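# Results of the structural survey
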Amino acid sequence: MEITSINQEKTQSNFLKTMFENLKVKFKDTKKIGEDDPRRILHSIKVGFALTLVSLFYYFRPLYDGFGQAGMWAILTVVVVFEFSVGGTISKSLNRGGATLLAGALGVGAEYLANLCGERGEPIVLGIFVFILAAVSTYTRFIPKVKRRYDYGVLIFILTFSLVAVSGARISEIMELAHQRLSTILIGGATCVLVSLCIYPVWAGLDLHDLIASNILQLSASLQGKYMDKPYLQIHKSVLNSKATEESLANFAWWEPSHGRFKLNHPWKLYLNVGGIVRQCACHIEILSGCITNSKIQVVSEFEQKIQPSCVKMSMECGKALKEVSTAMKNMSIPSSSVALHLINSKAAADELKNIMEKFSSSPNEADLQQIMPTLVVASILIDIIEFVEKIVVSVNELAEKAGFKQTQLLHRGIVKPVNNDDDDQLVIEIVEMKKPIGVRT
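Residues numbered from 1 in each chain as written. Predicted model: local features only at pLDDT ≥ 70, side-chain atom pairs only at ≥ 80, totals over all residues. Heavy atoms only, no water.

### Some remarks on the packing of helix 6 (residues 86-116) against helix 9 (residues 151-165)
The contact between helix 6 and helix 9 brings their axes to 8 Å, and the two run at 30°. One way to sum up the angle between helix 6 and helix 9 is to call them roughly parallel. As helix 6 packs across helix 9, the resulting crossing turns out to be right-handed. By residue class, the composition of the contact of helix 6 with helix 9 is 12 nonpolar, 6 polar and 3 charged. (Axes fitted to C-alpha atoms, helices over the stretch in contact; angles between N-to-C directions. Helix = DSSP H or I, 4+ residues; strand = E, 2+ residues; numbered from the N terminus. Parallel < 35°, antiparallel > 145°, perpendicular 65-115°, else oblique. Left-handed = near helix turned anticlockwise from the far one by under 90°. Nonpolar A, V, L, I, M, F, W, Y, C, P; charged D, E, K, R; others polar.)

Have a look at this one:
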């Protein structure tokens, strides 16, 4: 008996210890979520505040007498509509309010026409209306633009119209019910928008802008890391999975009012163009990382010794160009002309690399070709990366022009240094810049 009691106590002690450790881990994870982005804590507080405001429909008798049980729709609207960003909140609020208004009006009209057809014809007419509008509305959800911006509104439209059409209530009752529900939904949506705008607003447009600039900087870090150093080549991983986030932020940013330097009709689509090219470049860096990781070459051949300086130069110059582009974009200024000079240096290194490869390919033997094949693949990928970096620079310049980024005055001092090697000279240009804002382009 004593042994059994001792075992039970140990089991209970182990269980409590395990439960405590699990709770401790969950608490740390929960705390880390708030530390990673403190705006999440503020968002939670804002949602609670908005719900408290609309709950006044039940707490104060005059408001309750005016709206009755329909006040519940204001609470449901806050729960469903309040999003993390201002754009997301405005998008859902307008979709819900507009869809409710349109569906309610059509539902009343359909009910009126059905009543004209008599008691027997009424269910047939209503069934036809419900079928046509539900089918057409559902089909429109497959249209990309509707899916992207109005999908939630279409869902609310189908739901509201169906409820009104099949309610079987008299027109007068439907009108009164529609008025109460629409009013409370508009009040709930307006409360969400005001709270989201006035209390530490979170702008989806600013998040999108910072995300694209950060992704470009991550590519720069990958390319400027130590050549063939595996940890540096893993920095770009998060860029590959950013498409859904970018599209969502661009959609919400489209709904946002003018704020800061982001005016109405800001070219949000161009951010998606830049993001797409950045991901393509990240895919090539991923392939480059795989080639370097899987390389089993232990002895560096003479060919590798010849091309390695050019490969390093290409990678470093591309990384420097992307870093300057990222910095300029973060500051909402037009990239400086030194970006073009970094591209010139990288292309010069690429031309030198091509010359070395052509000389070697003129008289190779099969054994040497098999040995250097992985190195040739790496060199080829680096040449492709230069093209994508150039595309990124062009797309960011286009975005800067359309968005009215700041123009900077640059004073350059160029120093030409020939770097000698066994075969050819490589032109390297070092630049010292003095940047001075000279105004904002409009």
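### Some remarks on the UniProt feature "transmembrane region" (unreviewed entry) in the chain
With numbering matched to this structure, UniProt assigns "transmembrane region" (unreviewed entry) to residues 41-60, 66-86, 98-117, 123-140, 152-171 and 183-203. Along residues 98-117 the backbone is 95% helical and 0% strand, and the end-to-end C-alpha distance reaches 29 Å. Its end C-alpha atoms 27 Å apart, residues 183-203 is made of 76% helix and 0% strand. (UniProt positions renumbered as here; feature names shortened; annotations may be inferred.)

### Regarding the nonpolar core
Core analysis: the biggest nonpolar cluster contains 56 residues, and Ile216, Leu219, Tyr271, Ile385 and Ile392 have the highest contact counts within it. Secondary-structure elements contributing two or more residues to this core are helix 11 (204-224), helix 13 (243-255), helix 14 (268-294), helix 15 (302-330), helix 16 (338-361) and helix 17 (366-403). Top contributing element to this core by residue count: helix 17, with 15 residues. Ile385 has contacts with Leu223, Cys281, His284, Ile285 and Leu288, leaving out every residue within four places of it along the chain. (Core = buried A, V, L, I, M, F, W, Y, C linked by side-chain atoms within 4.5 Å. Buried < 20%, exposed > 50% of the residue type's maximum accessible area, 1.4 Å probe, protein only. Contact = heavy atoms within 4.5 Å.)

### Describing the environment of Lys347
Mapped onto the elements, Lys347 comes out in helix 16. Residue classification places Lys347 among the partly exposed residues on the basis of a relative accessible area of 34%. Sequence separation between Lys347 and Ser310 is 37 residues; the distance between their C-alpha atoms is 9.9 Å. If sequence neighbours within four positions are ignored, Lys347 has contacts with Ile386 and Glu390.

### A closer look at the pattern of salt bridges
In a structure, side chains of opposite charge can pair up when their charged atoms sit close to one another. With the rule as written, the count across this model stands at 12 salt bridges. Among the ionic pairs, Asp37 bridges to Arg39, the shortest N-O distance being 3.0 Å. Residue classification places Asp37 among the buried positions, given a relative accessible area of 15%. Put simply, Arg141 and Asp151 hold a salt bridge, and the shortest N to O gap is 2.7 Å. Linking Arg141 in the loop between helix 7 (118-140) and helix 8 (144-149) with Asp151 in helix 9, this pair joins segments that are 10 residues apart in sequence. Its relative accessible area of 22% is what places Arg141 among the partly exposed residues. Among the ionic contacts, a cluster of salt bridges with common partners joins Asp37, Arg39 and Asp207. (Salt bridge = Lys/Arg side-chain N within 4 Å of Asp/Glu carboxyl O.)

### Topic: the packing of aromatic side chains
How two aromatic rings sit relative to each other is set out by the distance from centre to centre and by the angle between their planes. Applying the stated criterion to the full structure yields 6 aromatic pairs. With a centroid separation of 6.3 Å and 15° between ring planes, the pair formed by Phe157 and Phe161 is classed as stacked. Pair noted here: Phe157 and Phe161 are both in helix 9, with a separation of 4 residues, about one helical turn. In terms of burial, Phe157 and Phe161 fall into one category: buried. Ring-pair connections join several aromatic residues into one group, and the members of that group are Tyr150, Trp254 and Trp255. In this structure, Arg149 packs its charged tip against the face of Trp254, placed 3.8 Å from the ring centre. Note that Lys391 overlies the ring of Phe388, its terminal NZ or CZ placed 5.0 Å from the centroid. (Phe/Tyr/Trp six-rings, centres within 6.5 Å; stacked < 30°, edge-to-face > 60°. Lys NZ or Arg CZ within 6 Å of the ring centre and 35° of its normal.)

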